[in-house]
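Okay, here's what each chain looks like letter by letter:
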Amino acid sequence: MSATDERLTYMANQIAANFAVMGVEKAALATADHIATFWDPRMKQRIMLALHVDAPAGSPLNEIARRAVERLIELGAPLPQVQATTFGGVDEPGLSDAG
Amino acid sequence: MAWIGEIDLGTKPARAATQTMVSLSIDGHAIEVPEGTSVMRAAALMGTTIPKLCATDTLEAFGSCRLCLVEIDGRPGYPASCTTPVTPGMVVRTQTDRLKQLRRGVMELYISDHPLDCLTCPANGDCELQDQAGAVGLREVRYGYEGKNHLKVEKDSSNPYFDFDPTKCIVCSRCVRACDEIQGTFALTVDDRGFASAIVPSQKQDFLSSECVSCGACVQACPTSALQEKKVAEIGTPDRAVVTTCAYCGVGCAFRAEMRGEELVRMVPWKEGKANRGHSCVKGRFAWGYAQHRDRILSPMIRESVDQPWREVSWEEAIARTASEFQRIQAKYGTRSVGGITSSRCTNEETYLVQKMVRQGFGNNNVDTCARVCHSPTGYGLKTTFGTSAGTQDFDSVRQSDVILVIGANPTDGHPVFGSRMKQRLREGAKLIVIDPRRVDLVRTPHIVADHHLPLRPGTNVAVLTAMAHVVVTEKLYDEAYIRARCDWDEFMDWADFVAQPERSPEATETLTRVPADELRATARLYATGGRAAIYYGLGVTEHSQGSSTVMAIANLAMATGNVGIEGAGVNPLRGQNNVQGSCDMGSFPHEYPGYRHVADDATRQLFETAWGVDLDPEPGLRINNMLDAATEGEFKALFIQGEDILQSDPNTTHVAAGLAAMECVVVQDLFLNETANYAHIFLPGSTFLEKDGTFTNAERRVQRVRKVMEPKNGYADWEVVQLVARALGLGWTYTHPSEIMDEIAALTPTFARVSYGALEEHGSLQWPATDAAPAGTPTMHIDAFVRGKGHFVVTDYIPTDEKTGPRFPLLLTTGRILSHYNVGAQTRRTDNVAWHPEDRLEIHPVDAEDRGVRDGDWVALRSRAGDTTLRALLTDRVAPGVVYTTFHHPATQANVITTDYSDWATSCPEYKVTAVQVSPSNGPSDWQERYQAHAARSRRIERLGEPAE
Ligand code: SF4
Ligand code: SF4
Ligand code: SF4
Ligand code: FES
């Protein structure tokens, strides 16, 4: 795993641990919701891939985090980024409220 | 000294809780004033000034100079009007032949021991003694100067900002009273008596080496030139004043910038300022010299790569380059490959524009702010529990507090003016609880001793607060009626069950937290039952792996005891930088728009899409630390950084440096070539708070005006620079004044609906929410109901940080700041404030020092798992054995080389307050420091237009 993957896994596990007191089911939902709310799409995609990592010592994700990521996968992948921006059409009259 | 253009009513307003009015007659005119008003103030209110020297309306009346005598029917003698309260039907005469004669006699005595060098005195024209000599019609001094006098006493010029010239002192004791009553430092005394009496700092020391903290209250109170700003002596008296807001800390003191032409002469705290009520600290009042410092960069600069020298270019070239680089990089690597960082030092309007540029122009949500590394857990925790990402009170609220609980904050250093307010209340008898690993000054300061100080082990905040909750619940000290009415009772019960478990009791957690159980129980009882209890907290709460949990644990305690929604109580984050609150309000976080509304919320997003005329990304963007991670992986390529020095202020410097080095375009907009700029490709010079219009929002949600007092030395205010970049990116922005930006913010943000520059003129300042329902703002929040509806109890389980001590790293390092410096010190290091704190020191307990053979002042190496640095040791028992402490104001120390990547679970706010370290004797800078110094020197070379590289 790359350093970033390790960090994301660590973050997911840490979030899960802080919700763990709610019990596994609820904690998994809370963790999924937290990741959906605060993580950037690439981070979400990476953590979804991390679910399938088979480290020698088993999944790097703890149980709650694993269930949370499964839940995220159920909800569907985040929106991809578009290539190359056109910087909107705001320089056309009427499209910006600026000023 | 008298404030130009401001009226001094002589004594403070009546304190009377009842507003009973009293009628009396002064010089034949009838007047009605509140009960408790002095005769002097009553006269001043009707426009009659009674001569005075020892009285001023910021201090308690003292009655020593006898210049303010009046005649009152039915009273013998000539009472002093400053110490005589009005009574119904009183008949007062302020000007009679006898009074004139008496006053002249008093004045004559003063002047006979005063140098008559008025024409060359720095206070000429701005001296109350001179004014009063005129007012009493003094024409001759019969006593001559042959007798004993004080005219040869030496001047004390030790303080870098003001002089004390005892020859001009009239021993009115205004300075002494200012230091005691306003500042609360008690540094000055009147030594000796009668003719020999003199003002002396501490134990007859000079000002610099005394306990004086250089707040300047005494200088402001002094009616003569005895205490005088050096700048006034150097430049001359000011001739105009502009009201503006301090750009240092989250207290948000209002100042009158007193000017002569384009030159700033002095900053005088504004009496009408609702955050500071006429007081200031050394930073705001004196430390503004950085604005003119020779290190300031005034021309835009670019370079191809960071190993090249900088090349000065025109604004046009720098702006065009910025836009084309971001466009090129996005075209090559994708929309989400770039981002921006907003600054808590800049105005609301500037911050708003940077996030707008990112969302509207870059087309993503990759915007973050330095609040990430300080108060992001406050936003998360208070929004979750109460429904609003902000503190609940105004600063005035502390006047009503019966119990003040300070946790993880050091207000006398970090938020000095509020610290002084708090001390005033404590001297009046409020109880004090301090929860902090270090014995901060507040624990024991003149006339104040904390009722409880819990020196907990760093990293155990949640365990301590849960143990307090355990006591509140198991001893039934909670406020059931309040909880039933205001919170969700079932959630409360879940929480109560959790905290009541025996393993969360003070006794069970004592070995972990190192807080004696009986002390903790007494603390909890005092907080729950001592009356109106207010919690004030700082970064010692938020900068932990459980920062958000700690904020929520605090909120739980406040709700359980009915301490939210009333004056004198509440949960109050003390914000670090001047505009932390504002930068968060303005949508600087990657997941929310201005007003804390999530980017995935369709209705809000559509509102902004309509206003800005573009489709907006519904996915949250990257946080600073994740941007840097993505950069090291080659996925994040360009960053626009306004007014931030992430290399110095963010944790794990080596990681930040690697992230920045991996980017293709780093743009830094700042006053100085800061440490981050060593990795930048484009430098856009910034403007200071003196050079622009805008608003800051302080820790009490107070939006205050920043007003331009001089033209930007770099040519543009920061908001103009962002607008130039945005226009080069094709965004058709046409703001002509920051007020138009605020109008746009107000139109798009419900809590700012009634904020406008017009409304700010009218009200002086506004605490948001300022809405149609509360057009004058909201001093206390959650009065009848929580913003989210029912207050939400959150079960916060203590989870120890993974940063653990062990044989290699047996000590815990925690970090903080000192009064005279601000954050990474970029500004204060460029002022005379270095007189107080020339370097960062490592505080270490004498026992730990002795174990390591370290003596006071020795160089020591400080090592953690992340890195190592060196600095000098300061032996003190302020820190407990096992704990060491340092500040991070100086780049040479690079304290953040030591701090790790661990962070708050909910917000990624770094865990600055807990790092396992080892300390050992050392004889010089670490390898990293040497390498870094060499790199910094290399990357700061500048080729000026028409000159070779420096
Ligand atoms: S220094 Fe100024 S304020 Fe203090 S006693 Fe002398 S004259 Fe009064
Ligand atoms: S500057 Fe402030 S702390 Fe120092 S003596 Fe004057 S009032 Fe006291
Ligand atoms: S630094 Fe803070 S306390 Fe000091 S003057 Fe400025 S706003 Fe006030
Ligand atoms: S002003 Fe009243 S006694 Fe000095």
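So, a few notes on the structure that sits alongside this text. (Residues numbered from 1 in each chain as written. Chains lettered and ligands numbered in written order. Predicted model: local features only at pLDDT ≥ 70, side-chain atom pairs only at ≥ 80, totals over all residues. Heavy atoms only, no water.)

## Examining the interface of chain A and chain B
- At the interface, 40 residues of chain A touch 57 residues of chain B.
- Taken together, the two surfaces of chain A and chain B that pack against each other cover about 3900 Å², and 51% of this comes from carbon and sulfur.
- Inspection of the region where chain A meets chain B yields 6 salt bridges.
- The closest approach of N and O atoms between R46(A) and E635(B), which form a salt bridge, is 3.9 Å.
- Our count for the chain A to chain B interface comes out at 13 residue pairs in polar contact (both at pLDDT 80 or more).
- Its residues assigned to classes, the side of chain A that touches chain B comprises 20 nonpolar, 13 polar and 7 charged. (Contact = heavy atoms within 4.5 Å. Buried area = accessible area lost by both parts, 1.4 Å probe. Salt bridge = Lys/Arg side-chain N within 4 Å of Asp/Glu carboxyl O. Polar contact = N/O pair within 3.5 Å; in protein donor to acceptor, adjacent residues only side chain to side chain. Nonpolar A, V, L, I, M, F, W, Y, C, P; charged D, E, K, R; others polar.)

## A few points about helix 2 (residues 24-38) of chain A
- The end-to-end C-alpha distance of helix 2 of chain A, which contains 15 residues, comes to 21 Å, matching closely the 21 Å that a straight helix rising 1.5 Å per residue would cover.
- Those residues of helix 2 of chain A that fall on the buried side of the exposure criterion are A27(A), A28(A), A30(A), T31(A), A32(A), H34(A), I35(A), T37(A) and F38(A).
- Buried-residue contacts for helix 2 of chain A involve helix 1 (3-19), helix 3 (41-50) and helix 4 (63-75) of chain A together with helix 10 (376-385) and strand 24 (597-598) of chain B. (Helix = DSSP H or I, 4+ residues; strand = E, 2+ residues; numbered from the N terminus. Expected span 1.5 Å × (residues − 1). Buried < 20%, exposed > 50% of the residue type's maximum accessible area, 1.4 Å probe, protein only.)

## Digging into the site of ligand 1
- Taken together, 14 residues surround ligand 1, and among them C169(B), C172(B), S173(B), C175(B) and C222(B) come closest.
- For the shell around ligand 1, the residue count by class is 11 nonpolar, 2 polar and 1 charged. (Near = heavy atom within 4 Å.)

## Thoughts on the side chain of S25(B)
- As for its placement among the helices and strands, S25(B) is situated in strand 1 (residues 21-26).
- Residue S25(B) is classed as buried on the basis of its relative accessible area of 18%.

## Looking at the packing of aromatic side chains
Residue and element names in this part refer to chain B.
- Applying the stated criterion to the full structure yields 26 aromatic pairs over all chains.
- Its guanidinium or amino end placed over the ring of W310, R303 lies 3.9 Å from that ring's centre, counting from NZ or CZ.
- For the cation-ring pair, R486 lies above F786, with the distance from its terminal atom to the ring centre recorded as 4.8 Å. (Phe/Tyr/Trp six-rings, centres within 6.5 Å; stacked < 30°, edge-to-face > 60°. Lys NZ or Arg CZ within 6 Å of the ring centre and 35° of its normal.)

## What to know about the pattern of salt bridges
- According to the stated counting rule, one finds 69 salt bridges over all chains in the structure shown.
- Across the pair E74(A) and R71(A) runs a salt bridge, and its minimum N-O distance is 3.4 Å. Separated by 3 residues within a single helix, E74(A) and R71(A) lie in helix 4, roughly one turn from each other.
- For R71(A), a relative accessible area of 31% puts it in the partly exposed group.
- K168(B) is paired through a salt bridge with D117(B); the nearest N and O atoms lie 3.6 Å apart. In this pair, K168(B) sits in the loop between strand 5 (162-164) and helix 4 (174-183) while D117(B) sits in the loop between helix 2 (97-112) and helix 3 (128-135), placing the two residues 51 residues apart along the sequence.
- With a relative accessible area of 6%, K168(B) lands in the buried category.

## Comments concerning empty space enclosed by the protein
Residue and element names in this part refer to chain B.
- Tallied over the full model, the rule gives 13 cavities of 30 Å³ or more.
- Lining the largest cavity we find 49 residues, and of these L539, E543, T815, G816 and K913 sit closest to its centre.
- Of all the elements in the fold, those that place two or more residues in the lining of the largest cavity are helix 11 (411-414), helix 18 (539-542) and strand 31 (811-816).
- Counting residues per element, the lining of the largest cavity draws most heavily on strand 31, at 3 residues.
- Here the residues of the lining of the largest cavity sort into 18 nonpolar, 20 polar and 11 charged. (1 Å grid on protein atoms, 1.4 Å probe; cavity = no way out; pocket = protein on both sides within 12 Å on 5 of 7 lines; lining within 4 Å. Points joined across faces, edges and corners; volume = space filled by probe spheres on them.)

## A few points about the packing of helix 10 of chain B against helix 19 (residues 547-560) of chain B
All names here are of chain B.
- Helix 19 packs onto helix 10 with a crossing angle of 40° between their chain directions and a minimal axis gap of 8 Å. Between helix 10 and helix 19, the crossing angle belongs to the class labelled oblique. Viewed along their axes, helix 10 and helix 19 form a crossing whose handedness is right-handed. Between helix 10, through P377, T378, Y380, G381, L382, T384 and T385, and helix 19, the contact on the second element is made entirely by G547, S548, V551, M552, A555, N556 and M559.
- Among the residues forming the contact of helix 10 with helix 19, the class breakdown is 7 nonpolar, 7 polar and no charged. (Axes fitted to C-alpha atoms, helices over the stretch in contact; angles between N-to-C directions. Parallel < 35°, antiparallel > 145°, perpendicular 65-115°, else oblique. Left-handed = near helix turned anticlockwise from the far one by under 90°.)

## A few points about the pairing of strand 35 (residues 883-887) of chain B
Residue and element names in this part refer to chain B.
- The element strand 35 is extensively covered by neighbouring structure, given that 5 of its 5 residues are classed as buried.
- Taken together, the 5 bridges between strand 31 and strand 35 define a ladder with parallel strand orientation. Looking across to strand 35, one finds that L813 is bridged to V884.
- Of the strand pairs in this sheet, strand 32 (residues 841-844) and strand 35 are connected by 3 bridges, and their pairing is antiparallel. Across the sheet, the residue bridging to I844 is V884, located in strand 35. (Pairing = 2+ DSSP bridges.)

## Here we look at the site of ligand 2
- Every residue lining ligand 2 is accounted for by F162(B), C179(B), L188(B), F207(B), C212(B), V213(B), S214(B), C215(B), G216(B), A217(B) and C218(B).
- Classifying every residue of the shell around ligand 2 by side-chain character gives 9 nonpolar, 2 polar and no charged.

## So, the sheet that holds strand 35 of chain B
All names here are of chain B.
- On the basis of which strands lie adjacent, the closed barrel formed by 6 strands has the order 31-35-32-34-33-36 and mixed pairing. When strand polarity is set aside, the average angle formed by the axes of neighbouring strands in this sheet is 45°.
- In this structure, strand 32 lies alongside strand 34 (residues 868-875), joined through 4 bridges in parallel fashion. Following the sheet pairing, L842 is matched in strand 34 by A873.

## Looking at the packing of helix 16 (residues 506-513) of chain B against helix 17 (residues 517-529) of chain B
Residue and element names in this part refer to chain B.
- Put simply, helix 16 and helix 17 touch, their axes get as near as 9 Å, and they point 115° apart. For the element pair helix 16 and helix 17, the recorded crossing hand is right-handed. In this structure, helix 16 uses P506, E507 and E510 to contact helix 17, whose residues at the interface are A517, L520 and R521.
- Looking at side-chain class alone, the contact of helix 16 with helix 17 contains 3 nonpolar, no polar and 3 charged residues.

## Details of unusual backbone geometry
- W768(B) connects to P769(B) through a cis peptide bond whose omega is 0°.
- Relative to the helices and strands, P769(B) is located in the loop between strand 30 (765-767) and strand 31.

## Considering the nonpolar core
Residues and elements named next belong to chain B.
- L227, I404 and L432 are the most contacted members of the largest nonpolar core, which has 67 residues in total.
- A per-element tally of this core places helix 12 (residues 416-427) first, with 4 residues.
- Contact partners of I404, with chain neighbours within four places excluded, come to V398, M422, R425, L426, A430, K431, L432, I433, A534 and Y536.
- Judged by nonpolar contacts, the second largest core, of 61 residues, contains Y352, A371, C665 and L748. (Core = buried A, V, L, I, M, F, W, Y, C linked by side-chain atoms within 4.5 Å.)

## Some words on the sheet that holds strand 37 (residues 942-943) of chain B
Residue and element names in this part refer to chain B.
- Pairing in this open sheet of 8 strands is mixed, and the strands run 15-14-25-26-27-12-13-37 from one edge to the other. Edge positions in the sheet fall to strand 15 (367-369) and strand 37, since each of these pairs with one other strand and no more.
- Bridge analysis of strand 14 (residues 338-342) against strand 25 (residues 638-642) gives 4 bridges, and the strand direction is parallel. Bridge assignment links G340 to a residue of strand 25, and that residue is F640.

## With respect to the environment of S420(B)
Residue and element names in this part refer to chain B.
- Following the sequence through the fold, S420 ends up in helix 12.
- Sequence-wise, S420 and P838 are 418 residues apart; in three dimensions their C-alpha atoms are separated by 25 Å.
- Beyond its immediate chain neighbours, meaning those up to four positions away, S420 contacts I182, Q183 and H279.
- Here the side chain of S420 touches Q183 through a polar contact of 3.0 Å, landing on its backbone oxygen.

Spatial relationships are all this shows, so hold off on functional conclusions.
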